[in-house]
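Residue-level structure breakdown
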Amino acid sequence: MKIQQIALATLLALAGAAAQAQVAVVVNPKNPAASLTADQVSAIFLGKTATLPSGATAAPVDQAEGSALREQFYGKVTGKQAAQVKAAWSRLVFSGKGTPPKELGSSAEVKKFVAANPDAIGYIEKSALDGSVKAVLTVD
């Protein structure tokens, strides 16, 4: 009986690891950028820069706070946990040096916002990509 419990726990752990989707950082198809580095994306989403490589003012959009995709994005792209990101933005807002990315409730909402705004940048599940947005970075 104990071996079955261990096997089940192992299978559940492996299924959880496999459930993490690839994250695609997306921009409007009219954006001239063909690709961005993780450092460039990190700088935009952590408020270190307010511009896209083209020189246009970036309009970053986040997934909902507490979402698994948001946690994965910040962990992989910035190397920071949600609490660290929130603390960094709190300091920037308090000092008047920035406004955090607009928060949207789903990948569908992020796609819709990015598709309608030439300077927008966001992130969605790679599986949700379509012609309405352009992927500039993919992270596992």
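Because the structure is predicted, anything quoted here is derived from the model rather than measured.

1. Quick look at the sheet that holds strand S2 (residues 59-62)
Within a sheet, neighbouring strands are paired by backbone hydrogen bonds and run either parallel or antiparallel to one another. Strand order in the open sheet formed by five strands is S3-S2-S4-S1-S5, with mixed pairing between adjacent strands. The strands lining the two open edges of the sheet, one partner per strand, are strand S3 (102-103) and strand S5 (134-139). Relative to S5, strand S1 (residues 23-27) runs antiparallel, the two being bridged by five bridges. By the bridge assignment for S5, Val-27 is matched with Lys-134. Across the face of the sheet, helix H2 (residues 38-45) comes into contact with S1, S2, strand S4 (120-125) and S5 while running at roughly 110° to S4. Together, S1, S2, S3 and S4 form the strand contacts of helix H5 (residues 107-116), whose direction differs from that of S4 by roughly 150°.

2. Quick notes on H5
Owing to its 3.6 residues per turn, the α-helix aligns residues three or four sequence positions apart on the same side. Along H5, the residues classified as buried are Ser-107, Val-110, Lys-111 and Val-114. Seen end-on, H5 carries its buried residues on one side only, within an arc spanning 100°. Exposed side chains of H5 directed beyond 90 degrees from the buried face belong to Ala-108, Lys-112 and Ala-116.

3. Some thoughts on the confidence of the model for the protein chain
Looking at the protein chain, the pLDDT average stands at 88 and 86% of residues meet or exceed 70. Low pLDDT, under 50, characterises residues 7-18; the stretch is placed with zero contacts to residues that sit more than four places away or in other chains.

4. What about the side chain of Asn-31?
The topology assignment puts Asn-31 in the loop between S1 and H2. Among the polar contacts listed, one links the side chain of Asn-31 to the backbone nitrogen of Ala-33, at a separation of 2.8 Å.

Here is what the cut-offs are and how they apply
- Residues numbered from 1 in each chain as written.
- Predicted model: local features only at pLDDT ≥ 70, side-chain atom pairs only at ≥ 80, totals over all residues.
- Heavy atoms only, no water.
- Pairing = 2+ DSSP bridges.
- Helix = DSSP H or I, 4+ residues; strand = E, 2+ residues; numbered from the N terminus.
- Contact = heavy atoms within 4.5 Å.
- Axes fitted to C-alpha atoms, helices over the stretch in contact; angles between N-to-C directions.
- Buried < 20%, exposed > 50% of the residue type's maximum accessible area, 1.4 Å probe, protein only.
- Arc of directions from axis to C-beta.
- pLDDT = per-residue confidence, 0-100.
- Polar contact = N/O pair within 3.5 Å; in protein donor to acceptor, adjacent residues only side chain to side chain.

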